[in-house]
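Commentary on secondary and tertiary structure
Here is how the chains run, residue by residue.
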Amino acid sequence: MSRPAITGATVVAGVAGAPVRHSLSPILHNAWLAGAGIDGVYVAFAPPADRFAAFVEGLRGGAVRGLNVTLPFKEEALALADEASDLARAAGAANVLVFETDGRIRADNTDGFGLLQALAVQAPGFSPAAAPAVVLGAGGAARGAVAALLAAGAPEVRVVNRTRARAEAIAAALGLKVRAFGWEERDAAFGGAGALINATSLGLAGGQPLDLAIDALPPAAVVMDMVYKPLRTDLLGRAAASGRPAVDGLEMLIRQAMPSFEAFFGRPPPAEVDARALALAALRGAA
Ligand code: ATR
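Residues numbered from 1 in each chain as written. Predicted model: local features only at pLDDT ≥ 70, side-chain atom pairs only at ≥ 80, totals over all residues. Heavy atoms only, no water.

Here we come to the pattern of salt bridges. Under the definition given, this model contains 16 salt bridges. When the shortest N-O distance is used, the salt bridge between Arg-60 and Glu-57 registers 2.8 Å. We classify Glu-57 as partly exposed; its relative accessible area is 37%. Between Arg-164 and Glu-185 there is a salt bridge; the shortest N-O distance is 3.0 Å. (Salt bridge = Lys/Arg side-chain N within 4 Å of Asp/Glu carboxyl O. Buried < 20%, exposed > 50% of the residue type's maximum accessible area, 1.4 Å probe, protein only.)

Let us now look at helix H11 (residues 275-286). The first and last C-alpha atoms of H11 sit 17 Å apart over 12 residues, in line with the 16 Å expected at 1.5 Å per residue. In the core, the buried residues of H11 are packed alongside helix H1 (25-36) and helix H10 (249-265). (Helix = DSSP H or I, 4+ residues; strand = E, 2+ residues; numbered from the N terminus. Expected span 1.5 Å × (residues − 1). Contact = heavy atoms within 4.5 Å.)

With mixed pairing, the six strands of this open sheet are ordered in space as E2-E1-E3-E5-E6-E4. Only two strands of the sheet have a single neighbouring strand rather than two, namely strand E2 (40-45) and strand E4 (83-84). By the bridge criterion, six bridges tie strand E1 (residues 11-16) to E2 in an arrangement that is parallel. Within E2, the residue paired with Ala-13 across the bridge is Tyr-42. Strand contacts of H10: E1, E2, strand E3 (66-69) and strand E5 (96-99), with the helix running at about 5° to E5, the strand carrying the most contacts. (Pairing = 2+ DSSP bridges. Axes fitted to C-alpha atoms, helices over the stretch in contact; angles between N-to-C directions.)

With that settled, consider the domain arrangement of the protein. Considered domain by domain, the protein is made up of domain 1 (11-109) and domain 2 (112-250). Placing a centre on the C-alpha atoms of domain 1 and another on those of domain 2 gives a separation of 26 Å. In this complex, domain 1 contributes nine residues to the contact, which on the side of domain 2 involves 11 residues. The tally of links from domain 1 across to domain 2 stands at zero salt bridges. The interface formed by domain 1 and domain 2 contains two residue pairs in polar contact (both at pLDDT 80 or more). No other element matches helix H4 (residues 86-91), which puts four residues into the side of domain 1 that touches domain 2. Here the side of domain 1 that touches domain 2 is built from residues that sort into four nonpolar, three polar and two charged. (Domains from an automatic or database assignment. Polar contact = N/O pair within 3.5 Å; in protein donor to acceptor, adjacent residues only side chain to side chain. Nonpolar A, V, L, I, M, F, W, Y, C, P; charged D, E, K, R; others polar.)

Once that is clear, we can look at the nonpolar core. Counting residues in hydrophobic clusters, the biggest one holds 31 residues, and the most contacted among them are Leu-115, Val-135, Val-146, Leu-149, Ile-170 and Met-224. Counting residues per element, the ones that place at least two in this core are helix H5 (111-122), strand E7 (133-136), helix H6 (140-151), strand E8 (157-161), helix H7 (164-174), strand E9 (178-182), strand E10 (195-198) and strand E11 (222-225). Counting residues per element, this core draws most heavily on H6, at six residues. If we ignore the near neighbours within four places in the chain, the residues touching Leu-149 are Leu-115, Leu-116, Ala-133, Val-135, Ala-154, Val-157 and Ile-197. (Core = buried A, V, L, I, M, F, W, Y, C linked by side-chain atoms within 4.5 Å.)

Across the interface, H5 lies against H6 with an axial gap of 8 Å and an inter-helix angle of 65°. Crossing of H5 over H6 shows right-handed handedness. Counted together, Gly-112, Leu-115 and Leu-116 of H5 and Ala-145, Ala-148 and Leu-149 of H6 form the full contact between these two elements. Here the residues of the contact of H5 with H6 are counted per class, giving five nonpolar, one polar and no charged. (Left-handed = near helix turned anticlockwise from the far one by under 90°.)

With respect to spatial proximity, 14 residues lie near the ligand, and among them Ala-138, Gly-140, Asn-161, Thr-163 and Arg-166 are the closest. Arg-166 is positioned with one of its side-chain polar atoms (N or O) 2.7 Å from an oxygen atom of the ligand. In isolation the ligand exposes 650 Å². Once the protein is present, 73% of that is buried. Taken together, the residues of the shell around the ligand break down into five nonpolar, seven polar and two charged. (Near = heavy atom within 4 Å. Areas by Shrake-Rupley, 256 points an atom, 1.4 Å probe, with all protein chains shown as cover.)

What follows is the structure, encoded as structure tokens:
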């Protein structure tokens, strides 16, 4: 792909994280910019962990139009913003910061939107409002998933976590429809569920496996994994082998990027760019 010329009017946006080198966001956003013919560029920033606040402060006024924020900065990003959307507040984290020209910083969270869109695209028969959902994990990703499912009308969200106290903290923050379960109580949590979502990093290539029997889940329950390296995780393999719909984390990544792009560049990504094919090619190249 030829790189469009940088001009004096090029709008800059980017992603900040540590590490950020392997982020797929620059590939997606720059392909969309080129496809839409927008004079813009999207780059990766890796501020030192203890300098993130200073980095963000320096962008007030709009030297950079906006930032996606990834690990480990999402909670801090929310705290640094002057305004935050309801979803960002509920998630306790921001993955989007927009720098207004008057110096204000607006925070949003599109991860939950990405999660719901991934389910809608890859499991079109699934309705979040129809049955309880189970979320594995109780870190930032899990809290965002719980907030999104509640916003989509889930009657109950069951948080299953090794450290039960962290699941209880999410329940305390997000209300009576959230129930906490310890890891050993997971089969009870699976009963009658409409969806199981892995929001831990277990199953990530090179890390610890997620060795999880899913027999206690109803046969039609949707199984989603936020891990996308490998794309078909062991959990998604088990789902497919048992005939359950499987939803991958790459779709969530792509779908959270779409409203981010619109927040930065003022229009949705061009539909003719095949973002998934680009992301898959980048993942293959990195393997
Ligand atoms: P993030 O903010 O990205 O979600 P995190 O806060 O590090 O990341 O959370 C990782 C999740 O994976 C946690 O829910 C963690 O469980 P604990 O709260 O008990 O630490 C879960 N996790 C990590 N390793 C695990 C393991 N070996 N077995 C079960 N759960 C594990």
